[in-house]
Structures are given as C-alpha cells and as structure tokens.
Amino acid sequence: MVSKTRSSYVPWSQERAVAIFERHRTERGALMPILHELQDVFGHIDPRAVDLVAEELNLSKAEVYGVVTFYKDFRSEPPGTSVIRVCRGEACQSMGAERLARHAREHLAVDFGGTTSDGAVTLEQVFCLGNCALSPAVLVDGRLKGRVDEAGFDELVAASRTEAR
Amino acid sequence: MGPVVVFVPLDAAARSVGADDVAIAIVREAAVRQRDIRLVRNGSRGMFWLEPLVEVSTPEGRVAYGPVEAGNVGELLDAGMLDGAPHRLCLGKTEEIPQLRRQTRFTFARVGINDPLSVADYEATGGLAGLRRALGMTPQEIVTAVTDSGLRGRGGAGFPAGIKWQTVLNMPSGLKFIACNADEGDSGTFADRMLMEGDPFLLVEGMAIAGLAVGANEGYIYIRSEYPDAVATLSAAVDIAYLNGWVGPSVLGTDRSFDLHLRVGAGSYICGEETAMLESLEGRRGMIRAKPPLPAIAGLLGKPTVVNNVLTLATVPPILAKGAEAFRELGVGRSRGTQVFQLAGNIKHGGIVETAFGVTLGELVEEYGGGTASGRPVRAVQVGGPLGAYLPTSRFDLPMDYEAFAAAGAMVGHGGIVVFDETVDMSHQARFAMEFCAEESCGKCTPCRVGAVRGVEVIDRIIAGVDREANLELLEDLCETMVDGSLCAMGGLTPLPVRSALKHFPEDFEQVKAVPL
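Definitions and cut-offs
- Residues numbered from 1 in each chain as written.
- Chains lettered and ligands numbered in written order.
- Predicted model: local features only at pLDDT ≥ 70, side-chain atom pairs only at ≥ 80, totals over all residues.
- Heavy atoms only, no water.
- Phe/Tyr/Trp six-rings, centres within 6.5 Å; stacked < 30°, edge-to-face > 60°.
- Helix = DSSP H or I, 4+ residues; strand = E, 2+ residues; numbered from the N terminus.
- Buried < 20%, exposed > 50% of the residue type's maximum accessible area, 1.4 Å probe, protein only.
- Lys NZ or Arg CZ within 6 Å of the ring centre and 35° of its normal.
- Pairing = 2+ DSSP bridges.
- Axes fitted to C-alpha atoms, helices over the stretch in contact; angles between N-to-C directions.
- Contact = heavy atoms within 4.5 Å.
- Buried area = accessible area lost by both parts, 1.4 Å probe.
- Salt bridge = Lys/Arg side-chain N within 4 Å of Asp/Glu carboxyl O.
- Polar contact = N/O pair within 3.5 Å; in protein donor to acceptor, adjacent residues only side chain to side chain.
- Nonpolar A, V, L, I, M, F, W, Y, C, P; charged D, E, K, R; others polar.
- Domains from an automatic or database assignment.

## Here we look at the packing of aromatic side chains
Counted by the stated rule, this structure contains 16 aromatic pairs over all chains. Relative to W246 of chain B, the ring of Y122 of chain B lies with its centre 5.6 Å away and its plane at 35 degrees, an arrangement referred to as tilted. One end of the pair, Y122 of chain B, is in helix 5 (residues 119–124); the other, W246 of chain B, is in the loop between helix 11 (228–243) and strand 8 (259–264), with 124 residues separating them in the sequence. Like Y122 of chain B, the residue W246 of chain B is buried in the burial classification. Site record: aromatic cluster; members linked through ring pairs are F127 of chain A together with Y269, F432 and F436 of chain B. Between the NZ or CZ atom of K322 of chain B and the centre of the ring of F106 of chain B, over which it lies, the distance is 4.8 Å.

## Notes on the sheet that holds strand 13 (residues 351–356) of chain B
Residue and element names in this part refer to chain B. As summarised here, the arrangement of the 5 strands in space is 13-12-16-14-15, forming an open sheet in which the pairing is mixed. Each having just a single partner strand, strand 13 and strand 15 (390–392) make up the two edges of the open sheet. Each strand of the sheet is rotated relative to its neighbour by a mean of 30 degrees, with strand direction disregarded.

## Structural notes on the interface of chain B and chain A
Counting from both sides, the interface comprises 64 residues of chain B and, opposite them, 43 residues of chain A. Across the chain B to chain A interface the summed buried area is about 4000 Å²; carbon plus sulfur atoms make up 57%. Counting every contact that joins chain B to chain A gives 4 salt bridges. A salt bridge links E435 of chain B to R88 of chain A; its shortest N-O distance comes to 3.5 Å. Where chain B meets chain A, there are 24 residue pairs in polar contact (both at pLDDT 80 or more). Those elements giving two or more residues to the side of chain B that touches chain A turn out to be helix 1 (12–16), strand 7 (218–223), helix 11, strand 8, helix 12 (274–281), strand 12 (338–345), strand 16 (416–421) and helix 17 (426–440) of chain B. Among the elements that make up the side of chain B that touches chain A, the one with the highest residue count is helix 17 of chain B (6 residues). Considered class by class, the residues forming the side of chain B that touches chain A number 32 nonpolar, 18 polar and 14 charged.

## What about the domain arrangement of chain A?
Split into domains, chain A comes out as domain 1 (6–70) and domain 2 (82–164). Relative to domain 2 of chain A, the C-alpha centre of domain 1 of chain A lies at a distance of 28 Å.

## Considering the side chain of T355 of chain B
Position of T355 of chain B among the secondary structure elements: in strand 13. With residues up to four places along the chain from it excluded, the contact list for T355 of chain B reads T104, T338, Q339, F341 and Y368 of chain B.

## Some details on the sheet that holds strand 2 (residues 37–40) of chain B
Each strand in a sheet pairs with its neighbour through backbone hydrogen bonds, running either in the same direction (parallel) or in the opposite one (antiparallel). Residue and element names in this part refer to chain B. Pairing is mixed across the open sheet formed by 5 strands, whose spatial order is 2-1-3-4-5. The strands lining the two open edges of the sheet, one partner per strand, are strand 2 and strand 5 (90–93). Sheet twist, expressed as the mean angle between neighbouring strand axes with direction ignored, is 25 degrees. Relative to strand 5, strand 4 (residues 61–65) is paired through 3 bridges, and the arrangement is antiparallel.

## Let's talk about the domain arrangement of chain B
Frequently, the measure chosen for interface size is the accessible area that the parts lose on association. Residue and element names in this part refer to chain B. The domain architecture assigned to chain B consists of domain 1 (4–97), domain 2 (119–328), domain 3 (331–421) and domain 4 (426–509). Between domain 3 and domain 4, the contact holds 13 residues from the first and 15 residues from the second. Across the domain 3 to domain 4 interface the summed buried area is about 1200 Å²; carbon plus sulfur atoms make up 69%. Among the residues of domain 3 in contact with domain 4, R379, L387 and Y390 are the three that bury the most area, contributing 56% of the side total. Between domain 3 and domain 4 we count 2 salt bridges in total. Of the charged contacts in the structure, one is a salt bridge between E507 and R379, with a shortest N-O distance of 3.1 Å. Only strand 14 (378–383) and strand 15 provide two or more residues apiece to the side of domain 3 that touches domain 4. For the side of domain 3 that touches domain 4, the per-class residue count stands at 9 nonpolar, 3 polar and 1 charged.

Okay, structure coming up:
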C-alpha cells in the first residue's frame with residue numbers, strides 16, 4: 001500500500017509478477033489484490049503488468065487499465081522515496097488544512113500528485129485519514145501524524161529526507 | 001508482587017501524537033529505575049485531547065495520565081506514576097474522567113481496555129459469548145433478535161439491520177455473502193477505524209454471527225487503504241481467529257463453516273457506497289449499480305449479500321450476549337440503542353462519545369466537546385460527513401435521532417460531527433462540497449459527474465458577485481437536478497451541505513471575495 005519506500009521496490013520481473021498472479025488466482029475478484037501486490041512489490045503498475053494481468057485474467061487491457069486509473073492509489077509512475085499525503089477533509093479544514101495544503105505545495109514546489117525534482121518526496125492529497133479529532137492530519141509513508149502545522153510539516157519532510165539518505 | 005501493568009495505546013491517532021515514543025520511554029525509564037513493568041498496547045479510550053493517555057493498573061483500578069510526552073516520562077516515574085501517585089498530568093481513575101463516565105459503552109465496551117489481539121483478554125471480557133449463543137439458535141431466532149433490538153445500519157442510511165438480514169435469510173439457500181463495509185471515508189468519522197484497531201475480534205465475531213443468521217459461509221471485509229494501522233491489526237485478528245477456530249471450516253468446533261477475507265480499497269471515496277463497494281470487491285471500477293435489485297437479493301457476484309457497516313456488525317455480538325432488550329431500551333423514537341458519536345474538527349475535547357440516541361447536538365458539542373479547540377465561538381457544525389448538512393448553533397437543540405434530523409433537513413449519518421469556529425467561510429465550504437463531489441464521483445450519473453463541476457463554477461460566480469441572483473437560482477436548479485437525477489447518495493446528497501450553508505449562513509454568500517485557491 002503506502003508504507004514502502006522506493007529503495008525497497010524491485011525492478012520489473014515477469015517471473016515475480018507471475019508468482020503474484022498465481023498466489024491470487026483462485027480468489028474472487030482477484031484483480032484488486034493482484035494490483036495491490038504488484039504495486040507493493042514494484043512501486044507502481046508497470047504497463048507490462050497491465051498486459052500480463054489482462055491476459056491471465058482473460059480481461060481486455062482496457063478493462064485492466066480502467067481499473068488502474070479509477071483508483072487513486074494505483075500509480076503508473078514510480079513514486080518518490082517518501083510519499084506524503086496531506087488530508088483535506090472538512091475536519092482538517094476546520095483546523096487549517098487548506099493553509100497547510102498550500103504551504104506543502106509551495107514548500108515542495110510541486111502540485112498534488114507530483115514528485116520533487118530530487119525524487120525525494122511525492123506529495124498527494126487525501127480526503128480523510130480518520131484522525132479527525134487531531135487535525136490537521138498527514139500520512140508519511142504509512143505513518144499517521146496529527147496536529148501538523150506548517151512548521152511540523154517541514155520537520156516531517158526534513159526527517160524523511162534524512163531517513164532516505 | 002507481579003509487574004505493574006502499564007497501558008499505552010496503539011491506536012493510530014494516539015501514535016500520531018507520539019504514543020510510540022512514550023511507550024519506549026516508559027520501558028527505558030522503568031528499567032533504569034529497576035521497576036518491573038508489563039507494557040500493554042491497548043486501543044484508545046477515544047479521548048484524543050488526552051492522548052497519549054497512559055494508564056497504570058493499581059489495586060483501586062486503572063489510573064490515567066495524559067497527555068504524556070516522552071520527555072515527561074522520567075519525571076512521571078519519579079513522582080510515582082507506577083503506583084498511581086498524583087502528578088499534574090494525573091487524571092485520576094480513568095473510569096471517573098467526566099467525559100467517559102457519562103457514556104454508555106455498548107459497542108465500544110472493550111475498546112481501550114484490552115490488548116486488541118489478545119485472545120485471553122477477549123474471552124475474559126465477554127468475547128465470543130454472542131457467537132456461542134448464536135450457535136445454539138436457529139437462523140430465524142438470530143435474525144429476530146437483531147430485528148427486536150431495533151439496530152439500524154450505522155453506515156449512515158440507518159436501514160433496520162434485521163429487515164436486511166431477514167431478506168437474505170428468506171432467499172433460497174445457496175451461495176450467500178456477508179460483506180462488511182469498512183470503507184469509512186467520511187471526514188469527521190473514525191469510529192470504525194478505532195473499533196478495528198481497538199477490538200477487531202468483535203467485528204470478526206459479528207461477521208460470523210451474520211453468516212450463521214442468513215446462511216452465508218463466506219464473508220468479506222472491504223477496508224480502506226487510508227487506514228494502514230487498521231489493515232494490519234484486522235489482518236492479524238483474522239489470522240488469529242482462524243488459528244483459534246473461531247472462523248474457518250468449523251466455527252467453534254461445530255459443523256458450521258465461515259470463511260473470512262480481508263480486501264483493501266484503493267483510495268476511492270465512492271467505494272463506501274455499497275454497490276460500488278461490491279463492484280470493487282469483484283475487481284472492477286467502483287461504479288455504482290442501480291437499485292433494485294437490492295444487494296440483499298443480488299449483491300456480490302449476483303448472490304444474496306448482507307452489506308453492513310463495521311459498527312452494525314460489531315454491535316450484534318453484545319446484542320446476542322445481553323439480549324435484544326438491553327439495546328432496545330436505550331434510545332429515542334425509532335432510533336434505538338446507542339450511537340458512537342465522533343466529535344471532530346475544531347473541538348476542544350475531540351473523540352468518541354458512545355451514548356444513547358436522543359442526546360442533543362448541543363450537549364455533544366458543548367458539554368462533551370467543551371466547545372472549540374481555538375477558543376473562538378462555534379459557528380457551524382457539519383453532521384454526518386461531507387454529504388451532511390451544516391447547522392448553526394441555533395439548532396443545537398436537535399436530538400440525535402434519525403427522524404428528527406431528517407425533519408430538520410439534515411442527517412445523523414455515521415454520527416460524525418465536525419465543528420467549525422467563527423473564522424469559517426461557509427461559501428468556501430459549500431464550494432468544497434461540490435469540488436469533493438466532482439473529485440470523487442464515479443461518473444455514472446450525469447447530474448453528479450457534470451453537475452458537481454458546474455456547481456463549483458456557479459458558486460465561484462456567486463462568491464465573485466457575478467450576476468448573483470440569477471446564479472443563486474441556477475445553483476438551486478442544479479441542486480434539484482442532482483438530487484432527482486443521481487442514483488446514489490454522492491450526487492443525491494451533495495446538495496445538502498450546499499443548500500444548508502446557503503440557508504443558514506446566507507451572509508457568507510453576500511460579500512464579494514476572492515475565489516479560493
């Protein structure tokens with residue numbers, strides 16, 4: 001899901017992808033679990049994975065591509081070393097999330113969905129992390145943070161940059 | 001004398017403000033002082049302004065300290081925290097904390113008490129009593145108990161759970177499913193997350209009972225990916241439940257089987273709508289389905305399916321264990337039992353309040369919640385998530401009751417209450433409702449897919465003072481079209497926050513302002 005960093009992703013491997021497919025073959029509605037595991041392993045959904053999954057599940061490539069693009073979690077490009085998701089839900093808005101969202105984009109000089117030029121951070125928006133009594137909330141590589149103000153955000157970015165080195 | 005038991009929550013919200021660091025500090029500082037402790041990572045009591053909330057077991061009961069920072073731990077231990085001694089952070093006995101003492105914890109009875117994954121703790125605190133009772137009952141008896149309890153779906157719509165179960169039970173036997181909707185996507189709601197992190201076995205037990213009740217041998221929990229901690233805890237709980245024979249080929253040693261699977265969503269709000277969730281479970285885009293047929297008739301893979309929210313299913317085991325009457329006697333009107341209200345946003349004492357229906361909005365926000373976190377006056381509250389109405393403080397007299405809220409043009413929904421102080425601009429909130437709908441619409445219905453985009457544009461013109469009267473009329477027409485022309489609540493209810501903002505806070509739409517962002 002969202003907890004891994006790029007350093008732990010492996011390069012594309014047909015064998016590895018087939019092994020993932022085999023593990024889920026008998027499950028009902030296997031496509032979602034397969035896509036999740038493909039992304040967990042490779043960091044994104046490689047176009048070659050789309051072809052393979054379509055063939056194995058007897059679906060059209062358009063159907064698989066349609067699913068990949070429908071869900072915000074599935075990426076077609078590798079993410080930055082850290083993925084930081086800023087909550088923009090109403091509860092967080094009531095505690096200044098819109099200000100934080102603006103600051104985050106300015107501080108990292110990317111829009112939501114973008115990755116910083118050094119590849120360190122991918123910034124995403126999210127609508128609710130379930131931390132609505134400790135707003136604003138941010139998710140850093142799967143770790144939930146509460147009461148994050150602008151200074152707190154900068155610290156989280158600095159920490160994840162240090163950790164990546 | 002055995003080790004002192006110290007509790008530090010493992011709940012994601014508690015961790016988000018440093019509970020892990022506190023736990024580490026306690027272990028370290030206790031070792032330095034050669035004190036023998038046993039650290040338990042429990043769920044959260046749901047009083048988030050006090051997190052990280054540390055509890056110490058004493059002969060008189062559990063004593064609480066909070067909010068504790070890792071830097072306080074040394075001084076706390078020196079002051080005698082491990083013996084329940086006074087300190088400026090000491091809150092006295094946990095059960096005596098006013099906001100907790102006044103609650104009626106029915107569904108949340110065990111959350112914050114136990115190690116969520118301890119089988120021994122679960123059984124010692126009444127776990128499995130409901131399932132054991134269910135195994136001695138006929139399917140019809142189980143369904144009747146749920147119907148008699150008056151339990152209504154906690155996901156938001158409030159549909160009577162017993163009627164839904166009866167429909168599935170009445171379908172010819174064959175492949176049937178239990179599908180738990182754990183895609184709690186509404187801002188201001190976190191009770192499902194807390195339950196799954198704090199008492200996951202309860203949900204497992206509730207699902208197994210549902211399976212026995214309607215004749216389903218297979219269950220799916222669809223949980224959102226935005227809850228990584230809950231995914232991990234629930235996943236472990238399902239594994240443990242299998243290992244202990246609570247689910248699997250022989251439920252508690254009987255000839256009944258129930259298989260349980262966990263499925264993770266992928267960042268789509270609309271998959272919290274039951275038919276979109278079923279599509280997603282089947283491996284497709286989360287496009288909603290027209291109803292009828294109801295999922296109870298033709299749900300997952302076209303088979304009869306009980307689709308219930310986490311809290312609905314988790315409330316069934318105590319109903320069976322304590323009797324339908326124990327639940328039914330609580331509440332007001334047709335809203336029976338308790339609801340797990342969630343106080344969120346700009347609130348001083350945010351968290352969970354489980355109490356009987358009928359408590360007023362004002363009591364929740366002001367008495368339990370203590371007003372705003374900022375200290376400024378409350379201006380508006382949004383009840384029931386992003387598709388719920390904005391209400392002014394003049395409606396604080398409203399009782400939390402499905403019918404009373406509906407009559408007031410609002411909805412109780414999942415029981416989430418988001419508080420805003422006087423700095424809020426309600427025209428921005430109305431605009432955001434449309435923006436959110438545009439972002440999250442599955443695209444099936446034109447009034448929702450296109451209407452939401454047009455809604456943002458029209459509100460922008462109103463905010464900018466362009467042809468105001470005509471645009472206000474256009475917005476009203478647009479809202480009507482969305483309500484009448486959308487298959488599900490996404491398009492159908494987005495006008496609720498928009499219209500309520502206009503109705504209760506018209507002054508915010510009157511001054512010319514810069515368009516946000």
